[in-house]
Amino acid sequence: MARKGFQQQLTELRENVLYMSEIVLERMRMGLRALAEKNQSLAREVIEGDHEINEIYLELEQDCIDLFALQQPVAGDLRFIAASFKIITDLERVADLATNLGDYTLQASRDMYPDVDIQGIGSEVVEMVEEAMDAYAEEDSDACFDINERDDEVDALCERASSIVVRDLIETEMDSDSSDSEIEIFMAEVSRLLLTIRDLERVGDHAVNIAARTLYMVENSDELIY
């Protein structure tokens, strides 16, 4: 009976990790939509919702600690709990990056650089996290390698986007009549866009981390762990 109870706890842990991922992914989608629409109300909803995710994270962290301490798992069960512990940390950080998108929305004053496809990059990294969590749910080691390879494409997109912004910044000559406040606003918008690109790239990195921990969980392989 004790062993049956332990296996039920493991099942519930997996379900709760997946539940957390659904909420985090929805926050990312909301953050991207807020940014695209300059929707400050939606942005505030994302920011205020971060507290809920932090609470879920702390509860799951405690569940993992209790399983380590009280059940003393071995072999595959130990790897599963350890991987889940790491994955919820990555999910919590993705949620923080979604909150950043909300902050950037509140700071934005105008659209800049239409050639920079923020929404396209955002869709790519959200899909990466989705696929990483599917791999975790289904214990799909092949998908873990696919996600790792996909990250190279996202890195290239982010590098290209940043290059467009930086190149334009170098080539831009502010009008001699521009006021200090106008220059300050322009530089703030450039900085915000570069930070947005950086944060989306980090979401992709967290997807790879989730895939790496899943591969470790399934095959006891640290091949993708940096």
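Residues numbered from 1 in each chain as written. Predicted model: local features only at pLDDT ≥ 70, side-chain atom pairs only at ≥ 80, totals over all residues. Heavy atoms only, no water.

Regarding the overall build of the protein chain
No. 1: Scanning the protein chain from N- to C-terminus turns up seven helices and zero strands.
No. 2: A principal-axis box enclosing the C-alpha atoms of the protein chain has dimensions of 80 × 35 × 25 Å.
No. 3: Split into buried and exposed, the 226 residues of the protein chain put 44% on the buried side.
No. 4: In the protein chain, the proportion of contacts linking residues at least 24 apart, taken out of those at least 6 apart, comes to 85%. (Helix = DSSP H or I, 4+ residues; strand = E, 2+ residues; numbered from the N terminus. Buried < 20%, exposed > 50% of the residue type's maximum accessible area, 1.4 Å probe, protein only. Contact = heavy atoms within 4.5 Å.)

Concerning the pattern of salt bridges
No. 1: With the rule as written, the count across this model stands at nine salt bridges.
No. 2: Salt-bridge contacts for E52 lead to R27; the nearest nitrogen and oxygen are separated by 2.7 Å. With E52 in helix α3 (residues 50–71) and R27 in helix α1 (residues 2–37), this pair connects stretches of sequence that are 25 residues apart.
No. 3: Measuring nitrogen to oxygen at the nearest pair gives 2.9 Å for the salt bridge that ties R150 to E124. Placement of R150 in helix α6 (residues 141–171) and of E124 in helix α5 (residues 118–138) is noted, with a sequence separation of 26 residues between them.
No. 4: Judged by relative accessible area, which is 25%, E124 ranks as partly exposed.
No. 5: The structure contains a network of salt bridges with shared partners spanning E124, E127, E131 and R150. (Salt bridge = Lys/Arg side-chain N within 4 Å of Asp/Glu carboxyl O.)

Concerning the nonpolar core
No. 1: V17, M20, M28 and L91 are the most contacted members of the largest nonpolar core, which totals 67 residues.
No. 2: For this core, the elements supplying multiple residues, two or more each, are α1, α2 (40–48), α3, α4 (75–107), α5, α6 and α7 (180–219).
No. 3: Here L91 is in contact with V17, M20, S21, V24, V129, M133 and I210, once residues within four sequence places are set aside. (Core = buried A, V, L, I, M, F, W, Y, C linked by side-chain atoms within 4.5 Å.)

Observations regarding the packing of aromatic side chains
No. 1: According to the stated counting rule, one finds one aromatic pair in the structure shown.
No. 2: Between F80 and Y136, the aromatic rings sit 6.2 Å apart at their centres with planes inclined by 15°, giving stacked as the arrangement. Taken together, the positions of F80 in helix α4 and Y136 in helix α5 put the pair 56 residues apart, joining distant regions of the chain.
No. 3: Take F80: its relative accessible area is 6%, and that puts it in the buried class.
No. 4: With a relative accessible area of 0%, Y136 lands in the buried category. (Phe/Tyr/Trp six-rings, centres within 6.5 Å; stacked < 30°, edge-to-face > 60°.)

Topic: the side chain of D90
No. 1: For D90, the position within the fold is in helix α4.
No. 2: R93 provides the closest opposite charge to the buried, salt-bridge-free D90, at an N-O distance of 5.2 Å.
No. 3: Dropping the residues within four chain positions of it, D90 is found in contact with H206, N209 and I210. (Lys, Arg positive; Asp, Glu negative; His and termini not counted.)

Brief notes about unusual backbone geometry
No. 1: Unlike most non-glycine residues, Q72 shows phi in positive territory, near 45°.
No. 2: Within the element layout of this structure, Q72 appears in the loop between α3 and α4.

Looking at the packing of α2 against α4
No. 1: The contact between α2 and α4 brings their axes to 8 Å, and the two run at 145°. By crossing handedness, the relation of α2 to α4 is classed as left-handed. In this structure, α2 uses Q40, A43, R44, V46 and I47 to contact α4, whose residues at the interface are A98, T99, G102, D103, T105 and L106.
No. 2: Taken together, the residues that form the contact of α2 with α4 break down as five nonpolar, four polar and two charged. (Axes fitted to C-alpha atoms, helices over the stretch in contact; angles between N-to-C directions. Left-handed = near helix turned anticlockwise from the far one by under 90°. Nonpolar A, V, L, I, M, F, W, Y, C, P; charged D, E, K, R; others polar.)

Examining the side chain of R150
No. 1: Under the relative-accessibility criterion, R150 is labelled buried at 14%.
No. 2: Among the polar contacts listed, one links the side chain of R150 to the side chain of E127, at a separation of 2.6 Å.
No. 3: In this structure R150 touches E124, E127, M128 and E131, once residues within four positions along its chain are discounted. (Polar contact = N/O pair within 3.5 Å; in protein donor to acceptor, adjacent residues only side chain to side chain.)

Some points on a negative patch on the surface
No. 1: A contiguous patch of negative charge, built from D142, D146, E149, D152, E153, E219, D222 and E223, is present on the exposed surface.
No. 2: Top element by residues in the negative patch is α6. It accounts for five residues. (Patch = residues over 30% accessible without salt bridge, like charges linked within 9 Å, V, L, I, M, F, W, Y side chains within 5 Å. Areas by Shrake-Rupley, 256 points an atom, 1.4 Å probe, with all protein chains shown as cover. Charge placed at Lys NZ, Arg CZ, Asp CG, Glu CD.)

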